[in-house]
Amino acid sequence: FDPSHGHPVGGGHWWTENYWKMLSAIRQQKPPDRMLTTECNAEPFIHCFDGYLTWHWQHDGQVPAFPAVYGGAIQMFGRAYRGGETKDLALRMKAGQQWVFGEQIGWIDPGVIREKKNAEFLRQVVRLRWAMRRYFYAGQMARPPKLVGQVPRVTADWQWSGHWPVTTDALLSGAWFQPDRQKLVLLFANVGDEPVRVRLDFDASRYGLSGGKFRWVRHTADGPQESKEQPAAFQQELSFAGREACAWECTPVKE
């Protein structure tokens, strides 16, 4: 509101415009092997940065609208991992959600590696994300898989601001697609303690995949496991042990 600043009093696009100028100048001088990141994920600056710290994605009922639009255009990383009586479940919920949302896992106290069960779950999602990394920097988010069955719900205190209860499905899922390679991956994380069994109803046409047959490879933290061929549309029973993460990668079979 100071008229001496030289912009419209009380409004205008001067704020974002001048940040763009500053960040553009920084990018021009930035060495090619460096990157720019910033805290939080303000849309007006997405063309200026390489990464966004998404630590405030801590809300009940949140959906991955932002990575659905901007996944592959910018890298997202980090959540606020806190304490409390349900911190272990909260950790799995956050890390599992980061995995299926396409975020880099963590922003966490490295001492977690001494917490055996937490470390085992983190190892799974971190190694899986590394194995599937091209989907997140060169691909795009797709519709989550259609799962049929009773999936239990879990609730933990995420301690974002005082007591902060968040509820999600125990079985978290997502999908990412590489259009240039016609490759799709379905991501899963059972963050609960009990096994979950569901039916996958899959139709390749929902993802823009062409072909009559597809090869599916199941990946765990230890690498590729079983492999099978499936038609373009099928139903498959899937079982997930408690605290298990995995991925199913799909590629067309050349006739």
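Below is a summary of the structure that appears in this document. On a predicted model such as this, the values are computed, not experimentally measured, just so you know.

### Things to note about unusual backbone geometry
Part 1: With phi around 75 degrees, Cys40 is a residue other than glycine that occupies positive phi space.
Part 2: For Cys40, a relative accessible area of 27% puts it in the partly exposed group.
Part 3: Of note in this structure, Trp107 is not a glycine but carries a positive phi near 75 degrees.
Part 4: Within the secondary structure, Trp107 is located in the loop between α3 (87-101) and α4 (116-131).
Part 5: In this structure Trp107 comes out as partly exposed when scored by relative accessible area, which is 49%.

### Quick word on the nonpolar core
Part 1: Core analysis: the largest hydrophobic core is formed by 44 residues, its most contacted members being Phe49, Met93, Trp99, Val125 and Leu187.
Part 2: The element that contributes the greatest number of residues to this core is α3, accounting for eight residues.
Part 3: In this structure, Leu187 is in contact with Trp99, Val100, Phe136, Leu172, Ser173, Gly174, Trp176, Cys246 and Ala247, ignoring residues within four places of it in sequence.
Part 4: Counting 22 residues, the second largest nonpolar core, distinct from the first, contains Leu184, Tyr207, Leu209 and Phe214.

### So, the pattern of salt bridges
Part 1: For the structure shown, the criterion picks out 16 salt bridges.
Part 2: A salt bridge links Asp50 to Arg27; the shortest N-O distance between them is 3.0 Å. In this pair, Asp50 sits in the loop between β1 (37-39) and β2 (51-53) while Arg27 sits in helix α1 (residues 14-29), placing the two residues 23 residues apart along the sequence.
Part 3: A residue is classified by how much of its surface remains accessible, and Asp50, at 23% relative accessible area, is partly exposed.
Part 4: Among the ionic pairs, Glu249 bridges to Lys183, the shortest N-O distance being 3.4 Å. With Glu249 in strand β14 (residues 244-252) and Lys183 in strand β9 (residues 183-190), the pair connects residues that are 66 residues apart, well separated along the chain.
Part 5: A relative accessible area of 13% means that Glu249 is categorised as buried.
Part 6: Ionic contacts of the salt-bridge type, sharing partners, join the residues Lys87, Asp88 and Glu115 into one network.

Rules used in this analysis
- Residues numbered from 1 in each chain as written.
- Predicted model: local features only at pLDDT ≥ 70, side-chain atom pairs only at ≥ 80, totals over all residues.
- Heavy atoms only, no water.
- Buried < 20%, exposed > 50% of the residue type's maximum accessible area, 1.4 Å probe, protein only.
- Helix = DSSP H or I, 4+ residues; strand = E, 2+ residues; numbered from the N terminus.
- Core = buried A, V, L, I, M, F, W, Y, C linked by side-chain atoms within 4.5 Å.
- Contact = heavy atoms within 4.5 Å.
- Salt bridge = Lys/Arg side-chain N within 4 Å of Asp/Glu carboxyl O.

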